[in-house]
Number of protein chains: 2
Amino acid sequence: MNYRPLFALLALLAVQGISKAQTTPSTVADDFKQSSLNQPGQEYPQVNSQGYARFKIKAPMADSVKVSLGLGGRGGTRLTKGADGYFTGTTEGPMDEGFHYYHLTVDGGTFNDPGTLNFYGSTRWESGIEIPAHDSDIYALKDVPHGHVQQILFPSKSTNTSRRAYVYTPPGYEKERSKKYPVLYLQHGWGEDETAWSNQGHANLIMDNLISEGKSKPFIIVMTYGMTNEVRPGPGALRNFKIDAFQTVLTDELVPYIDANFRTMADRVHRAMGGLSMGGMETHTITLAKPELFGSYALLSGGLYNAKELEGKAKPNLIFMSAGSRERPDGVRNAATELKGTGYNAVAYVSENTGHEFQTWRRSLHELAPMLFTK
Amino acid sequence: MNYRPLFALLALLAVQGISKAQTTPSTVADDFKQSSLNQPGQEYPQVNSQGYARFKIKAPMADSVKVSLGLGGRGGTRLTKGADGYFTGTTEGPMDEGFHYYHLTVDGGTFNDPGTLNFYGSTRWESGIEIPAHDSDIYALKDVPHGHVQQILFPSKSTNTSRRAYVYTPPGYEKERSKKYPVLYLQHGWGEDETAWSNQGHANLIMDNLISEGKSKPFIIVMTYGMTNEVRPGPGALRNFKIDAFQTVLTDELVPYIDANFRTMADRVHRAMGGLSMGGMETHTITLAKPELFGSYALLSGGLYNAKELEGKAKPNLIFMSAGSRERPDGVRNAATELKGTGYNAVAYVSENTGHEFQTWRRSLHELAPMLFTK
């Protein structure tokens with residue numbers, strides 16, 4: 001199967017999705033506050049209640065500082081130099097709610113904003129900014145019992161190394177020493193890695209909150225790196241991507257390691273796979289290749305299932321497909337309708353006013369989790 | 001007790017320690033390779049077999065790029081601009097073995113090297129570079145059973161939030177469901193945070209290797225953030241540092257949470273505290289204030305104990321004090337001799353040819369672990 005056109009499209013969406021604009025208000029509200037992702041004690045970047053972002057970068061002898069974040073297709077935000085040696089500027093319009101990657105161009109070189117934390121995306125650690133969302137409550141850090149996110153190093157003979165994964169264990173996992181849990185294998189997108197779902201996605205906080213409200217069963221989430229070949233920066237890397245090696249790592253090495261080292265319910269009904277963007281493509285391929293391993297499937301801005309390809313295979317308990325409203329939401333809606341018509345438990349979810357970005361995927365996980373492992 | 005002078009000294013050591021030089025060879029060996037801490041696919045920075053570091057930064061319209069890393073007191077390494085728009089340069093002499101923080105100054109602004117991973121130090125995420133060490137085997141990623149490092153969020157009433165800690169559980173912890181383990185509480189230095197001991201220190205790999213060789217008992221390590229008040233960047237932050245609030249978090253909130261949520265041997269004999277630099281100062285204060293909680297103490301480039309202050313308190317099983325040979329190693333040696341003379345089990349360790357940097361502390365943990373919990 002040739003995924004090149006689809007991967008190219010996903011990469012394009014990922015780049016364009018960064019800087020979609022909402023309707024531009026007539027005045028810019030004067031209520032800028034530090035972004036929640038700033039490094040300790042850093043005043044900038046700031047965001048206001050309308051979703052504008054404001055930047056301030058010290059570079060006294062530089063001629064030009066540009067921020068990659070801004071209005072779609074207009075090349076980001078060019079900062080203006082002040083007499084104090086600081087470059088400042090505000091996005092031309094409001095940004096979409098949620099998390100955005102960005103970087104600076106300082107006199108022609110690519111650097112991160114020293115004011116913010118870094119997040120792995122676009123095959124590099126990028127600056128991150130958070131535009132407060134109306135529904136940020138779903139991933140807020142609350143005074144509820146918290147699960148743990150642990151880094152594991154699992155042996156991988158096929159790639160001749162120990163590979164890293166992160167494992168979310170739900171609240172109570174340590175105390176209830178004989179209870180067994182279902183497992184969701186959850187993949188990141190192209191250019192990201194196994195840190196994305198916790199750092200950018202707040203998967204652990206989303207689950208902690210859902211579980212404390214009794215809305216989701218407690219389950220384990222496993223997140224690992226979805227590429228096994230040498231990946232060089234740039235879109236060219238996708239051309240060389242082969243899923244076979246990753247499938248071996250996931251199904252022959254990671255799944256057995258998790259089942260041996262965590263208290264899992266080790267059957268297909270209690271094992272799900274999902275992923276965002278490229279991780280959705282991986283989910284699609286691997287669940288179709290190994291239907292005996294996974295009982296529920298989730299594609300988050302990452303392709304569609306159709307009845308034909310599922311025919312004759314072990315029937316999934318759930319097929320979840322989602323997209324941001326700025327992507328092509330009719331695709332997931334139509335696919336779900338079609339699958340339901342042929343007897344599948346298929347669900348479409350569309351995140352309003354978001355694109356190919358993490359706010360879509362945070363919301364998607366929040367919708368998906370309550371539907372998982374309910375049988 | 002007034003720690004200001006000691007904190008100021010530690011901060012000074014931390015800054016100076018970055019760029020100590022060894023003897024300069026007459027020729028620079030032409031065997032530069034990528035630093036092991038580079039971002040995926042990044043060719044620079046590079047290091048050679050003698051410990052020189054070489055940098056290459058794209059900034060076509062910049063006038064000046066400087067690297068903070070270089071010979072002590074000579075202001076780092078100034079890069080030279082080439083016709084291709086890249087600035088390049090090599091440190092004037094070899095660097096000490098091990099991990100070094102650094103950053104760039106690009107036209108007067110402070111940025112990280114886009115080629116490397118970032119590490120939290122100096123109250124900001126800094127670039128990191130690794131000079132291959134002759135004893136790097138102690139923290140190498142090997143094909144041995146690996147423990148897990150998990151992020152926990154523990155409730156803290158005293159600071160009115162959920163606070164983050166990392167917990168290393170040794171290999172086999174998940175499988176051996178009734179075994180209980182001793183615990184080492186291990187603190188970072190000033191300007192660092194709870195990520196330092198895993199990221200920069202490789203504490204998990206050091207333990208995995210020691211345990212697989214039968215040289216250390218398996219135990220849990222807990223690492224949390226050692227400052228609780230608002231910390232602003234700059235040395236001034238230390239002036240406002242008060243240990244009381246952190247002591248409350250550690251002894252009244254974190255220790256009970258760990259004992260409730262992990263399979264610990266919850267008595268003083270099986271609970272140790274250690275820390276590097278400022279974390280050593282914290283260890284010193286807290287173990288003297290709460291001798292009923294901790295049975296073994298470790299100060300890594302972080303002060304000394306004397307017999308007088310220990311008098312009349314529950315006797316520690318072990319007092320471990322270490323320093324790099326470029327610090328003041330006689331201090332730890334003399335203190336250990338004195339303590340041994342008054343009947344304490346005190347050990348001094350000096351790391352050769354290293355300063356107030358992580359190579360000293362990696363080696364210190366490697367020496368300390370086999371001595372812990374042996375009774």
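None of these values were measured; they are calculated from a predicted model. The numbering scheme is per chain: residues are counted from 1 as the chain's sequence reads. Key to labels: chains lettered from A, ligands numbered from 1, both in the order written. With the structure being a predicted model, the display of local features is reserved for residues of pLDDT at least 70 and the display and counting of side-chain atom pairs for 80 or more, all residues being used for whole-chain, interface and lining totals. Side-chain numbers come from the whole structure's heavy atoms, not from hydrogens or water.

1. Looking at the packing of aromatic side chains
Moving on, step 1. Planes of paired rings set the category: under 30 degrees apart is stacked, over 60 is edge-to-face and the rest tilted, where pairs are Phe, Tyr or Trp rings (Trp by its six-membered ring) whose centres lie within 6.5 Å. Going through the model one piece at a time under the given rule, you end up with 25 aromatic pairs over all chains.
Moving on, step 2. Taken together, A:Phe99, A:Tyr101 and A:Phe119 form an aromatic cluster joined through their ring pairs.
Moving on, step 3. Lysine NZ or arginine CZ positioned within 6 Å of the ring centre and within 35 degrees of the ring normal marks a charge as sitting over the ring. Sitting above the plane of the B:Tyr86 ring, B:Lys56 keeps its charged end 4.9 Å from the centroid.
Moving on, step 4. Its end group placed over the ring of B:Tyr139, B:Arg362 keeps NZ or CZ at 4.4 Å from the ring centre.

2. Focus: the relation of the copies chain B and chain A
Moving on, step 1. We place the copies in one frame by least squares, fitting the C-alpha atoms of every residue whose pLDDT is at least 70 in both. Rotating chain B by 180° and translating it 0.0 Å along the rotation axis places it on chain A, where the RMSD comes to 0.0 Å. In symmetry terms, the pair is related by a two-fold rotation axis. Considering only C-alpha atoms, the residue of chain B closest to the rotation axis is B:Gln150, which sits at 1.7 Å.

3. Looking at the sheet that holds strand S8 (residues 98-102) of chain B
Adjacent strands of a sheet pair through backbone hydrogen bonds, lying either parallel or antiparallel.
Residue and element names in this part refer to chain B.
Moving on, step 1. At least two bridges found by DSSP between two strands is the condition for calling them paired. Working definition: helices are DSSP H or I runs of at least four residues, strands are E runs of at least two. Numbering for both runs from the N terminus. Strands sit in the order S8-S12-S11 across an open sheet of three strands; the sheet is antiparallel. Strands with a single pairing partner mark the edges of an open sheet, and in this sheet they are S8 and strand S11 (118-121). Averaged over all neighbouring strand pairs, the angle between strand axes comes to 50°, with direction disregarded.
Moving on, step 2. Relative to strand S12 (residues 124-131), S8 runs antiparallel, the two sharing five bridges. Paired with Tyr 101 across the two strands is Gly 128, which belongs to S12.
Moving on, step 3. Only heavy atoms matter for contacts: two residues are in contact if any of them lie within 4.5 Å across the pair. Angular values range over 0 to 180 degrees, each being the angle between N-to-C directions of two axes fitted as lines to C-alpha atoms, with helices fitted over their stretch in contact. Against the sheet, helix H9 (residues 358-368) makes contact with S8 and S12, and its axis sits at roughly 145° relative to S8, the strand it touches most.

4. Section: the interface of chain B and chain A
Moving on, step 1. With 52 residues of chain B at the contact, the number on the chain A side is 53 residues.
Moving on, step 2. Two parts placed together each lose some accessible area under a 1.4 Å probe, and the buried area is that loss summed for both. Together chain B and chain A conceal approximately 4,300 Å² of surface at their shared face, both sides included; 50% is due to carbon and sulfur atoms.
Moving on, step 3. Whenever two N or O atoms come within 3.5 Å, that pair is a polar contact, provided that in protein one can donate a hydrogen and the other can accept it, and provided that, for residues adjacent in sequence, both atoms are side-chain atoms. Viewed at the interface, chain A and chain B are joined by 14 residue pairs in polar contact (both at pLDDT 80 or more).
Moving on, step 4. With six residues, the top contributor of residues to the side of chain B that touches chain A is strand S13 (residues 148-156) of chain B.
Moving on, step 5. Residue polarity follows a fixed list, in which Ala, Val, Leu, Ile, Met, Phe, Trp, Tyr, Cys and Pro are nonpolar, Asp, Glu, Lys and Arg are charged, and the others, Gly among them, are polar. Partitioned by chemical class, the residues of the side of chain B that touches chain A number 23 nonpolar, 18 polar and eleven charged.
Moving on, step 6. Two strands pair when backbone bridges link them, and strand S13 (residues 148-156) of chain A and S13(B) are joined in this way by three bridges, in the antiparallel orientation. Residue A:Val149 lies in a different strand from S13(B), and its bridge partner there is B:Gln151.

5. Some remarks on the nonpolar core
Moving on, step 1. Residues B:Ile152, B:Tyr185, B:Leu254, B:Phe294, B:Ile319 and B:Leu339 are the most contacted members of the largest nonpolar core, which totals 43 residues.
Moving on, step 2. If one sorts the elements of this core by residue count, helix H5 (residues 243-261) of chain B sits on top with eight residues.
Moving on, step 3. Once residues lying within four places of it in the same chain are set aside, the contact partners of B:Ile152 are A:His148, B:Arg163, B:Arg164, B:Ala165, B:Val167, B:Leu254, B:Tyr257, B:Ile258 and B:Phe262.
Moving on, step 4. Ranked by size, the runner-up nonpolar core spans 39 residues in total, among them A:Tyr181, A:Ile220, A:Phe246 and A:Val350. The term nonpolar core refers to a set of buried residues drawn from Ala, Val, Leu, Ile, Met, Phe, Trp, Tyr and Cys, joined through side-chain atoms within 4.5 Å. Working definition: with a 1.4 Å probe on protein chains only, accessible area under 20% of the residue-type maximum means buried, over 50% means exposed, and in between means partly exposed.

6. Some thoughts on the side chain of B:Asn209
Moving on, step 1. Tracing the backbone shows B:Asn209 in helix H3 (residues 203-212).
Moving on, step 2. Not counting residues up to four positions away in its chain, the partners in contact with B:Asn209 are B:Asp137, B:Ile138, B:Tyr139, B:Ala140, B:Lys142 and B:Val144.

7. A short note on helix H6 (residues 278-289) of chain A
All names here are of chain A.
Moving on, step 1. With twelve residues, H6 extends 17 Å between its outermost C-alpha atoms, agreeing within 8% with the 16 Å of an ideal straight helix rising 1.5 Å per residue.
Moving on, step 2. Here H6 lies mainly inside the structure; eleven of its twelve residues are buried.
Moving on, step 3. When H6 is considered as a whole, its buried residues turn out to be Met 278, Gly 279, Gly 280, Met 281, Glu 282, Thr 283, His 284, Thr 285, Ile 286, Thr 287 and Leu 288. Helices are assigned an expected span. That span is 1.5 Å times one less than the residue count.

8. Points about the confidence of the model for chain A
Residue and element names in this part refer to chain A.
Moving on, step 1. Along the chain, pLDDT gives the predictor's confidence residue by residue, from 0 to 100. With 89% of its residues at a pLDDT of 70 or more, chain A shows a mean pLDDT of 91.
Moving on, step 2. Contacts for the low-pLDDT stretch residues 1-6, under 50 throughout, to residues beyond four places or in other chains number five contacts.
Moving on, step 3. Across residues 11-21, confidence stays below pLDDT 50; counting only partners more than four residues off in sequence or on other chains, it has 22 contacts.
Moving on, step 4. Interface confidence for the predicted complex, expressed as ipTM, amounts to 0.86; the pTM equals 0.90.

9. Points about the sheet that holds strand S4 (residues 65-67) of chain A
All names here are of chain A.
Moving on, step 1. Pairing is antiparallel across the open sheet formed by four strands, whose spatial order is S5-S4-S9-S10. Both edges of this open sheet fall to strand S5 (77-78) and strand S10 (109-111), since each of them pairs with a single strand only.
Moving on, step 2. Both S4 and S5 contribute to a ladder of two bridges, which runs antiparallel. Each residue of the ladder has a partner; that of Val 67, found in S5, is Thr 77.

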